[in-house]
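# Results of the structural survey
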Amino acid sequence: MSTFRQHSILPGFNLALGFTLLYLSLIVLIPLSAAFIRTTELTWEEFWFAVTTPRVLASYRLTFGAAFAAALVNAVFGLLVAWVLVRYRFPGKKLIDALVDLPFALPTAVAGIALTALYAGNGWIGQYLEPLGIKVAFTPIGVFVALTFIGLPFVVRTVQPVLEDIESELEEAAAMLGANRFQTFTRIIFPTIFPALMTGFALAFARAIGEYGSVIFIAGNMPMVSEITPLLIITKLEQYDYAGATALAVVMLVISFILLLVINLLQWWGRRRGALA
Amino acid sequence: MNATTLPTTARVRRTRATQEPAWVRWTLIGLALAFLTLFLFVPLILVFYEALKKGTDVYFAAIIEPDALSAIRLTLTVAAIAVPLNLVFGVAAAWAIAKFEFRGKNLLITLIDLPFSVSPVVSGLIYVLIFGLQGWLGPWLAEHDIKVIFAVTGIVLATVFVTVPFIARELIPLMQAQGTEEEEAAVALGANGWQTFSRVTLPNIKWGLLYGTILCNARAMGEFGAVSVVSGHIRGSTNTLPLHVEILYNEYNFAAAFAVASLLALLALVTLALKTMVESRITQPKENANEHRSA
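Residues numbered from 1 in each chain as written. Chains lettered and ligands numbered in written order. Predicted model: local features only at pLDDT ≥ 70, side-chain atom pairs only at ≥ 80, totals over all residues. Heavy atoms only, no water.

## Side note on the packing of aromatic side chains
The line we're drawing: Planes of paired rings set the category: under 30 degrees apart is stacked, over 60 is edge-to-face and the rest tilted, where pairs are Phe, Tyr or Trp rings (Trp by its six-membered ring) whose centres lie within 6.5 Å. Strands here mean DSSP runs of E at least two residues long; helices mean DSSP runs of H or I at least four residues long; both are numbered from the N terminus. Working definition: with a 1.4 Å probe on protein chains only, accessible area under 20% of the residue-type maximum means buried, over 50% means exposed, and in between means partly exposed.
The final tally for this structure, using the stated rule, is 33 aromatic pairs over all chains. Summarising the aromatic geometry, the rings of Phe36 of chain A and Phe257 of chain A are spaced 6.3 Å apart at their centres and angled 20 degrees between planes, so their arrangement reads as stacked. Taken together, the residues Phe36 of chain A in helix 1 (residues 13-39) and Phe257 of chain A in helix 13 (residues 242-276) connect sequence positions 221 residues apart. What makes Phe36 of chain A partly exposed here is its relative accessible area of 28%. Pairing Tyr127 of chain B with Phe131 of chain B gives two aromatic rings, centres 6.4 Å apart and planes at 5 degrees, and the pair type is stacked. Taken together, the residues Tyr127 of chain B and Phe131 of chain B, both in helix 6 (residues 120-131) and 4 residues apart, mark about one turn of the helix. Accessibility expressed as a relative area gives 2% for Tyr127 of chain B, which makes it buried.

## Description of the interface of chain A and chain B
Note the cut-off: By definition in these notes, contact holds between two residues if any of their heavy atoms fall within 4.5 Å. Here's the idea: put two parts together, see how much 1.4 Å probe accessible area each one loses, and the total over both is what we call buried area. In what follows, salt bridge is the name for a side-chain nitrogen of Lys or Arg lying within 4 Å of a carboxyl oxygen of Asp or Glu. Two N or O atoms form a polar contact when they lie within 3.5 Å of each other; inside protein one atom must be a possible hydrogen donor and the other a possible acceptor, and for residues adjacent in sequence the pair counts only when both atoms belong to side chains. Residues are grouped as follows: Ala, Val, Leu, Ile, Met, Phe, Trp, Tyr, Cys and Pro are nonpolar; Asp, Glu, Lys and Arg are charged; every other residue, Gly included, is polar.
On the side of chain B, 97 residues touch chain A, which itself brings 95 residues to the contact. Summing both partners gives a buried area of about 8,800 Å² for chain A against chain B, and 78% of it is carried by carbon and sulfur. Connecting chain A to chain B are 2 salt bridges. Where chain A touches chain B, the interface holds 11 residue pairs in polar contact (both at pLDDT 80 or more). It is helix 1 of chain A that provides the largest number of residues to the side of chain A that touches chain B, a total of 18 residues. Across the side of chain A that touches chain B, the residue classes break down as 68 nonpolar, 15 polar and 12 charged.

## A short note on the packing of helix 1 of chain A against helix 4 (residues 66-99) of chain B
Convention followed: What counts as an axis is a line fitted to C-alpha atoms, over the stretch in contact for a helix, and the angles between N-to-C directions run from 0 to 180 degrees. An angle counts as roughly parallel when it lies under 35 degrees, as roughly antiparallel when it exceeds 145, as roughly perpendicular when it falls between 65 and 115, and as oblique in every other case. A clockwise turn of the near helix away from the far one marks a right-handed crossing, whereas an anticlockwise turn of less than a right angle marks a left-handed crossing.
Contact geometry for helix 1 of chain A and helix 4 of chain B: axes closest at 8 Å, N-to-C directions at 130 degrees. Between helix 1 of chain A and helix 4 of chain B, the angle is such that the two are oblique. For the crossing formed where helix 1 of chain A meets helix 4 of chain B, the hand is left-handed. Counted together, Phe13, Ala16, Leu17, Phe19, Thr20, Tyr23 and Leu24 of chain A of helix 1 of chain A and Leu85, Asn86, Val88, Phe89, Ala92, Ala93, Trp95 and Ala96 of chain B of helix 4 of chain B form the full contact between these two elements. Tallied by class, residues from the contact of helix 1 of chain A with helix 4 of chain B come to 13 nonpolar, 2 polar and no charged.

Interpretation in functional terms is not warranted from these geometric data alone.
The structure is reproduced here in structure tokens:
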């Protein structure tokens, strides 16, 4: 025991850790492993066929493409929002700061129907886009809009604390050495917040890939065109194609785990940067 | 260095050399607000507008209709089971992780966070693979006439899964930052485990605990994807509020769908308000925690 943990006079270690491990195993680990174990019922060829049919490949393209585009937009505007919230003063700032987390708190189904009504041909925004030939609802653009909404807080909330911690002395020194504001931003501020920005981007991307609730209302869900991978899993499940659904779920799980690893590495990088600065 | 006071003083001292020109400032503020208006505020306002468009009679009729009331009851029941379970788990996990040093701690923290990175649909699917008719326990459950999938039990399980990390991930950094000195002093003075926890630890972590609970509850009541897979969508029986919104919407009953959705939007706004209030209470230890981690 002594090699496993350092001595402490506090009680309850065995009980707390035992309960934690039992609960995690029952709720998270065993159910997750079920997905991997059930796929072994397929041969490698069957598995590969199930996860590479044209319809599935089209869903990957849409899911990853829209998630990437949404995360990119969120990186740009998330940085802008974080900057404005940290650096400037304007009326309603506190309220806006609190509302940034709305996509975390609003159930995805509500976001889905609200965005659909907004961007439909007769919606508040859709009616102005339609005459321009831009259709958002029931097209891949709608998927992008929904994923932008749900990923919005991630970049803001990862960049904000780092921006708050930047010492003004650095910027003053840069100004005294003759740098203009743009140079100070690109050479001093941006490199400092870059790891946090990347972390926020990765978090928004990871969240967008798995998103279901907000997307299915606005996507139109046409096979090969506007059908996301999570929806395809449900479709297969409803057709009692358990093996096919599980195979796709495993692909999604593996991608999630890789992204989780990347996010952990990015956070470690950011902390090391922070420690050196 | 005191991280809490630095940003304020920095802002006060910021002079022309480290401040953008006014036109740049207001352009950036304008762009940021335009983006937030388009993607956040307009959708939020639209929910309430659509809900009340046909008058308050239609609005309240949609909410007191039996299927809606049953959905409200189910959503409250599910949250009332899932949140306390994850509360106990969060406290136990944080106690083990924050107060003791042991091998594999970082792996354990990653495992606790795992449900956040799993797609909601997959979170539901894995329970179907275990408890569904074709699942591992399916035949046994059918023999004993126990229903998990397409029943309340399945909805609770899927909800517990997606909300596992909320309370634990709030408490772990908070309790790590607070260290173990106070608890050690209590034990040295003869307090037993429960006394140490309830009189020393609990008062220190109560705001963090409340914060995590608020977020956990919001997700538990609002979860859609995972619950959708295991629910079976039986009206008046296994329909939660978010699923009820979907059914009404797909029936083109938009006024009713938005009326029920407005309840969930209100829940989200209350959540944000409570969260902001609690946040100000825990700002201090939170910033210490950041310092602790970067040190």
